[in-house]
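Fold and geometry: a report
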Amino acid sequence: MVVLAILLPLLFGALLLLGLPRALGVLGAGLSLLWNLYLFLTHPGGVAHAFQAPLLPGAGVYWAFALDGLSALFFLTIALTVFLGALVARVEGRFLGLALLMEGLLLGLFAARDLLVFYLFFEAPLIPALLMLLFYGGQNRVKALYTFLLFTLAGSLPMLAAVLAARALGGSPSFLLEDLLAHPVGGSAAFWVFLGFALAFAIKTPLFPLHAWLPPFHQENHPSGLADALGTLYKVGVFAFFRFAIPLAPEGFAQTQGLLLFLAALSALYGAWVAFAAKDFKTLLAYAGVSHMGVAALGVFSGTPEGAMGGLYLLAASGVYTGGLFLLAGRLYERVGTLEIGPYRGLAQSAPGMAALALFLFLAMVGLPGLSGFPGEFLTLLGAYKASPWLAALAFLSVIGSAAYALTAFQKTFWEEGARAVEDLKGSEWGFALLSGAALVLMGVFPGYFLQGLRPLAEAFAKLLGGGA
Amino acid sequence: MALLGTILLPLFGFALLGLLGKRMNEPLPGVLASGLVLASFLLGAGLLLSGGARFQAEWLPGIPFSLLLDSLSGFMLLIVTGVGLLIHVYAIGYMAGDPGYSRFFAYFNLFIAMMLTLVLADSYPVMFIGWEGVGLASFLLIGFWYKTPQYADSARKAFIVNRIGDLGFMLGMAILWALFGTLSISELKEAMEGPLRNPSLLALAGLLLFLGAVGKSAQIPLMVWLPDAMAGPTPVSALIHAATMVTAGVYLIARSSFLYSVLPDVSYTIAVVGLLTAAYGALSAFGQTDIKKIVAYSTISQLGYMFLAAGVGAYWVALFHVFTHAFFKALLFLASGSVIHALGGEQDVRKMGGLWKHLPKTRWHALIGALALGGLPLLSGFWSKDAILTATLTYPFGGVGFYVGALLVAVLTAMYAMRWFVLVFLGEERGHHHPHEAPPVMLWPNHLLALGSVLAGYLALPHPLPNLLEPFLKPALAEVEAHHLSLGAEWALIALSGAVALLGLWGGYVFFQRKALPAWYLAFEAASREAFYVDQMYNALVVNPLKALAEALFYGDRGLLGGYFGLGGGVRNLGQALARLQTGYLRLYALLFVLGALLLLGVMRW
């Protein structure tokens, strides 16, 4: 079941790389979405669909995947975002093939139940991401690629050491997650193991000041926004902290919690502030992403059940709306030939459907109650306040900043008087609008439904850290 | 479930008109929207008569979506849908011919749905849905004519300034959650009975919730968005920025009276902010030249009165003023709208004058509205304002200072109300227009609002005359011990406030008909026109520095990357060097990856 979910996009991705037409990729992304939707709707709760096969049994490494409430939610939002991209991004088949490959690898990342396999899937999406940047990126893509690679490698090597140390020092019989959890690393070693993980995960969150790779990554990627949407989904640091780093070395987390909370709060405020000065959509969304991930990280670092639920829900939801905004920016680019904010204006006149869609996505990002951004943000606040009232207040200054940058960008694009008339949403773009709109509303109005599988995990997480429900 | 229906009806109107409105001909969208508000009104009234209602559904973990129709929320529901209906009908005429006709009514229905969510909420997060929802509707309607950059700016400003208050609301909720583990208002009310835990933290929560109210109700220091909000079509100003949304802050305090009644210091702060805002709004109204902005500053001032009442602990009095104000302020705005309509879009009072003979019906609407605002004895505004004045002396958090301040503001109110009326309707015609009276669809709502402006005050007459409102609202509000004045003292005060209003009205009537105004007044007027430079101050001290800092951080952030490589210009050299490697780069990475994997496997084996 879960393996099929991972293999499906990998298979279609490979076919597209071999030169099969783009339409097949849309089909693959659609099938993947349907399959993951089915898995989500029928998910019985707890850990389900476990798959295990030996990889290096002597070394205690297994192909181990399973779907729990957390990964089931991410399977759904990832498949949805990729399908939205496949629907509207006018890119050649091979590009979409890389995107599908990356989807499969990301699904593997979220389902992995073996630390070493997780490590492989944590690193592997880098390859399609880099290839998309290299083959389809902009003028300065090499510099962006180099930066991205360097940051990632800087995190990978200590992480590899931490992976090996986590098992060796904890005395676990294998790299399987359940074994490792039964043998957490303690004492002074916990600090170093945690630090090894934390660096890699902080880069992939990204947390200030390790976010520097992100703006050039987005700025130089293809204007369609497809690579950016996948890149957004690849910001898995918050998840990785929750699933691996913190439970495997809770004592190490306890020693650094204050610093991490501070960095998360700072990222939230800093990202929103800088985003306000952004002159183009990609830069805006890059910094907005830093801000949102700061909030999400704050939730998980709070160590409370509300905070963890909120942070992870925000991570899942932001994949859809941030990814959606990147794709929408791509649609705009196709019409006006630039990603800059402001040179044309007044598009709501000629493209009211597009304006409505943009407003929906922006408002979800701003955290308007009733849309998908709010539940995560609010639960995070409730949890973060318990952990640190002052840092919660500092981080949530970003709700003012987000209104400022999002509505300014909206106004300078869709409102005011513009000489330019553009085509409104057409064809598959309507599918994009309806599907993403439905996701934003459903995730905003029925968060309890989407969170039910996550809640026990978040409560166990808080209990592990000595908090409690 | 029926209770949810009151919200779903207008929400359905929003969805329907938003999706299909463009295919409908005028006036169908307006009639549909009005009909849905009427249905919601009838449904709500029926439920209220049958003794109230509750609704609950799952929402966030530990935080259900819960609604409660009790006397307090029922009272607000009737104002929102009742006055809302009249303004919807008026807009059928006012918006006729506008290319965005159906879009307007879609937003209008969205607003009603969100406002009902706000008042019916039985938990703070649910109230926050409505709270931000009405903010969104307000944003969309202020920016309704979004082609004008200034209007679009006003819409954005309103949303951002409100967000400052909303952050306070959110943090207040976080404190309550940490203290009590629930955000349900009914449950919090129960939890608050008995000895107070952590009173100082509770006071902070109260202050933060009040910050939310300050934003939504345009109180000092967050009042700067409301005058700009007049950029929206006039029915919007009447419905959202006078009669309903801006009173949400007052409602929040009243709904939370179980909290504020045990927080004397916070209550005192609320009263002080209210009185200062009442004075500020009144003083700023004098210098305005836009017919709507005079009324807008008046709204700020009147909201200040409501907070004064809520601050001293007279929650039902605050709601009484919400009620009367909804009538006479909606009337003033809609009469302004009829004037603007009559003059083909003119809003500058310096180009009006002498409209008395041209607008035989609207002139009476305007006169009744202005007199009710000015507190002419026996009109609605007189009774509610008098109740506030008396309350400052009888309620626990009040004081003589509040009374004197509020009385002085009452004089100012009567004077600027007359200035507005004199400049628009009396004297000679200063413009070159051919005014025409509004159509019946715009006149009838005003007839009814005028009737309300006269009669609404009789709902709660001073002792010993009948007071229907206080006992009706009592079960939903906190018990506050008010001491009673002697009958003689009470009626002496009433006579005083009546005399003061008459003095102000007469003074304004005479003074603003003078050909030449004295120099000291003109100097005051110049400062008042700029609302005492608060906007300019905020821009210079807050907005521009924050923007500049954003730019600075933005450029600093680029430097950050260079910093990582330890060489400012070195990055470029590296980039160039790497550019030469470009073709072989992929293989290099693959090589690195394979090497890494081999290393890993080697480690495993070993």
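Residues numbered from 1 in each chain as written. Chains lettered and ligands numbered in written order. Predicted model: local features only at pLDDT ≥ 70, side-chain atom pairs only at ≥ 80, totals over all residues. Heavy atoms only, no water.

Re the overall build of chain B
The line we're drawing: A helix here means a DSSP run of H or I that spans at least four residues, while a strand means a run of E at least two residues long, and both kinds are numbered starting from the N terminus. With C-alpha atoms as the basis for the radius of gyration, the globule rule is written as 2.2 Å multiplied by the number of residues raised to the power 0.38. Relative accessibility thresholds used throughout: buried, under 20% of the residue-type maximum; exposed, over 50%; partly exposed, between the two (1.4 Å probe, protein chains only). Residue contacts are defined here by distance: any two heavy atoms, one from each residue, within 4.5 Å place the two residues in contact. Methods summary: accessible areas were calculated by the Shrake-Rupley approach with a probe of 1.4 Å, and residue burial reflects only the protein chains presented. Positive charges come from Lys and Arg alone, negative charges from Asp and Glu alone, with His and the N- and C-terminal ends not counted. Where a charge lies is defined by one atom per residue type: Lys uses NZ, Arg uses CZ, Asp uses CG and Glu uses CD.
Within chain B one finds 25 helices and 2 strands. For chain B, whose C-alpha radius of gyration is 28 Å, the value lies close to the compact-globule estimate of 25 Å for 606 residues. Judged by the C-alpha coordinates and their principal axes, chain B covers about 100 × 65 × 50 Å. When the 606 residues of chain B are sorted by exposure, 61% land in the buried category. Across chain B, contacts joining residues at least 24 apart in sequence account for 81% of those joining residues at least 6 apart. As displayed, chain B has an accessible area near 22300 Å², and 69% of this comes from carbon and sulfur atoms. Charged side chains in chain B number 33 positive and 29 negative. The centres of these two groups are separated by 11 Å.

A word on the UniProt feature "domain: NADH-Ubiquinone oxidoreductase (complex I) chain 5 N-terminal" (unreviewed entry) in chain B
The condition is simple: UniProt positions are given in the numbering used here, feature names are shortened, and annotations may be inferred rather than shown by experiment.
The UniProt record annotates "domain: NADH-Ubiquinone oxidoreductase (complex I) chain 5 N-terminal" (unreviewed entry) at residues 63–105 of chain B. Counting secondary structure, residues 63–105 of chain B comes out at 67% helix and 16% strand; the distance between its end C-alpha atoms is 32 Å.

Considering the confidence of the model for chain B
Residue and element names in this part refer to chain B. The condition that has to hold: As a per-residue measure, pLDDT tells how confident the predictor is, with possible values from 0 to 100.
Model confidence for chain B is summarised by a mean pLDDT of 92, while 93% of its residues fall at 70 or above. When pLDDT is averaged over each helix and strand of chain B, the minimum, 55, is found for helix H24 (residues 570–580) and the maximum, 98, for helix H11 (residues 248–255). The ipTM assigned to the predicted complex is 0.95, against a pTM of 0.94.

Considerations on the interface of chain B and chain A
Inclusion rule: Buried surface area refers to the total accessible area, computed with a probe of radius 1.4 Å, that the two partners give up upon joining, counted for both partners together. Take a side-chain nitrogen of Lys or Arg and a carboxyl oxygen of Asp or Glu: if they are within 4 Å of each other, that pair is a salt bridge. Nitrogen and oxygen atoms within 3.5 Å of one another constitute a polar contact, given that in protein one can donate a hydrogen and the other can accept it, and given that sequence-neighbouring residues count only through two side-chain atoms. Residue type decides the class: Asp, Glu, Lys and Arg count as charged, Ala, Val, Leu, Ile, Met, Phe, Trp, Tyr, Cys and Pro as nonpolar, and the leftover types, Gly among them, as polar.
Taken together, the 61 residues of chain B in the interface contact 78 residues of chain A. Carbon and sulfur atoms make up 78% of the area that chain B and chain A hide from each other, which totals about 6400 Å². Taken together, the links from chain B to chain A amount to 1 salt bridge. Taken together, the links from chain B to chain A amount to 16 residue pairs in polar contact (both at pLDDT 80 or more). Where the side of chain B that touches chain A is concerned, the elements lending two or more residues are strand S1 (53–60), helix H5 (124–142), helix H6 (149–180), helix H23 (534–564), H24 and helix H25 (585–605) of chain B. Element by element, the count of residues in the side of chain B that touches chain A is highest for H6(B), at 17 residues. Of the residues in the side of chain B that touches chain A, the class split is 48 nonpolar, 3 polar and 10 charged.

Looking at the pattern of salt bridges
Residue and element names in this part refer to chain A. Under the criterion given, the structure shown has 22 salt bridges over all chains. Note that Asp-68 and Arg-243 form a salt bridge whose closest N and O atoms lie 2.3 Å from each other. Taken as a pair, Asp-68 in the loop between strand S2 (61–67) and helix H3 (69–88) and Arg-243 in helix H12 (residues 237–248) lie far apart in primary sequence, 175 residues in all. Its relative accessible area of 2% is what places Asp-68 among the buried residues. Between Lys-386 and Glu-306 there is a salt bridge, with its nearest N and O atoms 2.6 Å apart. On the criterion of sequence distance, the pair formed by Lys-386 in helix H18 (residues 373–387) and Glu-306 in helix H15 (residues 305–336) is long-range, its members being 80 residues apart. Under the relative-accessibility criterion, Glu-306 is labelled buried at 8%. Through salt bridges that share partners, Arg-331, Glu-334, Arg-335 and Glu-429 make up one connected network.

Regarding the UniProt feature "domain: NADH:quinone oxidoreductase/Mrp antiporter transmembrane" (unreviewed entry) in chain A
UniProt records the feature "domain: NADH:quinone oxidoreductase/Mrp antiporter transmembrane" (unreviewed entry) for residues 112–400 of chain A in the present numbering. Between the C-alpha atoms that bound residues 112–400 of chain A the distance is 37 Å, and the span itself is 78% helix and 0% strand.

Let's talk about the pairing of S2(A)
Residues and elements named next belong to chain A. Defined as follows: By the convention used here, strands pair only if DSSP detects at least 2 bridges between them.
Among the 7 residues of S2, 5 are classified as buried, and the element is accordingly described as predominantly covered. For strand S1 (residues 48–56) and S2, the ladder comprises 6 bridges, and the chain directions are antiparallel. Residue pairing for S2: Gln-52 is matched across the bridge by Ala-64. Between S1 and S2, which pair antiparallel one after the other, the connecting turn spans 4 residues, and Gly-60 there sits at a positive phi close to 80 degrees.

Things to note about unusual backbone geometry
Cis geometry marks the peptide bond from Thr205(A) to Pro206(A), where omega comes out at -15 degrees. Along the polypeptide, Pro206(A) turns up in the loop between helix H9 (187–204) and helix H10 (214–220). Pro464(B) follows His463(B) through a cis peptide bond whose omega is 5 degrees. Relative to the helices and strands, Pro464(B) is located in the loop between helix H19 (440–455) and helix H20 (469–473).

Remarks on the side chain of Thr408(A)
Considering the arrangement of structural elements, one finds Thr408(A) in helix H20 (residues 398–414). By relative accessible area, which is 13% here, Thr408(A) ends up buried. Among the polar contacts listed, one links the side chain of Thr408(A) to the side chain of Arg156(B), at a separation of 2.6 Å. What Thr408(A) contacts, discounting residues up to four positions off in sequence, is Phe276(A), Ala403(A) and Arg156(B).

Focus: helix H19 (residues 389–396) of chain A
Condition: This arc is built from the directions going out from the helix axis to the C-beta atoms.
Considered for burial, the residues of H19(A) that qualify are Leu391(A), Ala392(A), Ala395(A) and Phe396(A). Viewed end-on, H19(A) has its buried residues packed into an arc of 125 degrees, placing them on one side of the element. In this fold, the buried residues of H19(A) make contact with helix H13 (250–276), helix H14 (281–301), H18 and H20 of chain A together with H6 of chain B.

Examining a nonpolar patch on the surface
Residues and elements named next belong to chain A. Spelled out, the test is: Patches in this entry comprise residues that are over 30% relatively accessible and not in a salt bridge; like charges within 9 Å are linked, as are nonpolar side chains (Val, Leu, Ile, Met, Phe, Trp, Tyr) within 5 Å.
On the surface, Leu-27, Leu-31, Leu-34, Leu-37, Leu-41, Phe-360, Val-441, Leu-442, Val-445, Phe-446 and Tyr-449 cluster together to form a nonpolar patch covering roughly 930 Å² of accessible area. For the nonpolar patch, the secondary-structure elements that each account for two or more residues are helix H2 (22–41) and helix H21 (428–445). Counting residues per element, the nonpolar patch draws most heavily on H2, which supplies 5 residues. Considering the arrangement of structural elements, one finds Leu-442 in helix H21.

So, the packing of helix H3 (residues 71–94) of chain B against H11(B)
All names here are of chain B. The cut-off we apply is this: Orientation is described by lines fitted to C-alpha atoms, with helices fitted over the stretch in contact, and by angles between N-to-C directions that extend from 0 to 180 degrees. The cut-offs work like this: below 35 degrees is roughly parallel, past 145 is roughly antiparallel, 65 to 115 is roughly perpendicular, and the gaps in between are oblique. Here is the rule for handedness: rotate from the far helix to the near one, and if that takes an anticlockwise turn smaller than a right angle the crossing is left-handed, while a clockwise turn gives right-handed.
The geometry of H3 relative to H11 is characterised by a closest axis approach of 11 Å and an angle of 165 degrees between their N-to-C directions. Here H11 runs roughly antiparallel to H3, going by the angle between their axes. Relative to H11, H3 is oriented so that their crossing is right-handed. Contacts between H3 and H11 involve Leu-72, Ser-73 and Met-76 on the former and, on the latter, Tyr-251, Ala-254 and Arg-255. Of the residues in the contact of H3 with H11, the class split is 4 nonpolar, 1 polar and 1 charged.

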